[in-house]
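The lines below spell out each chain.
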Amino acid sequence: MHAQIVLYDGFDPLDVIAPFEVLSAGSDMVAGELWVTLVAAEGPRRVTSGTRGLALTATAVLDPSEPGYVIVPGASGPIAGDPDDGVETIPVLLARAAQTELTPLLHKAFANPEVTMAAVCGGSVVMAMSGLIEGRHAVTHRLGLGLLEAAGVYPVAARVVDDGDLVTAGGVTSGLDLALHLLDRCYGPRIAHAVEELFEYERRGTVWRPVGREPVEV
């Protein structure tokens, strides 16, 4: 099982590091059965985030043929500002990522039945802008829910949304919850709970899934 966490220019560091740390701890607890790597569409390279020039290194190219998870982070940058004046807002960074070689690789990963796609924060917006999740249920940071809806996605205001082969999470800290849910899905609650104990962190909220009875309005 391979968990590939995608880096692109302007990524949000916590969207990457939170799932990386959680999944790496989970890997240790399943004797290395889970392989966790940082990848980029362009292959191995140093990738600069959107936060204070912090950079991480992608050690491989994103491989859509690998069974497991592909996790797309959001971006970090200003929320307000005029792109015409050169202000690289978060939507600009997300749109730029969607216009790179990342998009065709994500399309191939989505087509692989052995891959579950996942996203933290604005990562689901990248997928939406790439035309990948129209008609699906997903979440992003609350400020970006309208972007999902405009792309034909059904936004759900939940911490984590599990729509089968698409699992998405909200704002930046929800990357912890996303990764713990993925461990739970793949290896069961005892592994996920052991990582929670190690990190002294408990998941928040109910994972939303498109099953069960519809609530009656009150």
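Residues numbered from 1 in each chain as written. Predicted model: local features only at pLDDT ≥ 70, side-chain atom pairs only at ≥ 80, totals over all residues. Heavy atoms only, no water.

Under an unreviewed UniProt entry, the name given to the chain is DJ-1/PfpI family protein, and the organism recorded is Mycobacterium lentiflavum.

### A few points about the pattern of salt bridges
Applying the stated criterion across every chain, the model contains nine salt bridges. The partner of D9 in a salt bridge is R45, with the nearest N and O atoms 3.2 Å apart. Placement of D9 in the loop between β1 (2-6) and α1 (13-29) and of R45 in strand β3 (residues 45-48) is noted, with a sequence separation of 36 residues between them. Note that E42 is salt-bridged to R45, the shortest N-O span being 2.9 Å. Residue R45 is classed as partly exposed on the basis of its relative accessible area, which comes to 22%. Residues joined by salt bridges that share partners form a network here, namely D9, E42 and R45. (Salt bridge = Lys/Arg side-chain N within 4 Å of Asp/Glu carboxyl O. Helix = DSSP H or I, 4+ residues; strand = E, 2+ residues; numbered from the N terminus. Buried < 20%, exposed > 50% of the residue type's maximum accessible area, 1.4 Å probe, protein only.)

### Quick word on helix α6 (residues 174-187)
Taking 1.5 Å as the rise per residue, α6 with 14 residues should run 20 Å; its terminal C-alpha atoms sit 20 Å apart, in good agreement. Within α6, 10 of the 14 residues are buried, which leaves it mostly tucked inside the rest of the structure. Of the residues flanking the end of α6, it is G188, one or two places downstream, whose phi is positive at about 100°. (Expected span 1.5 Å × (residues − 1).)

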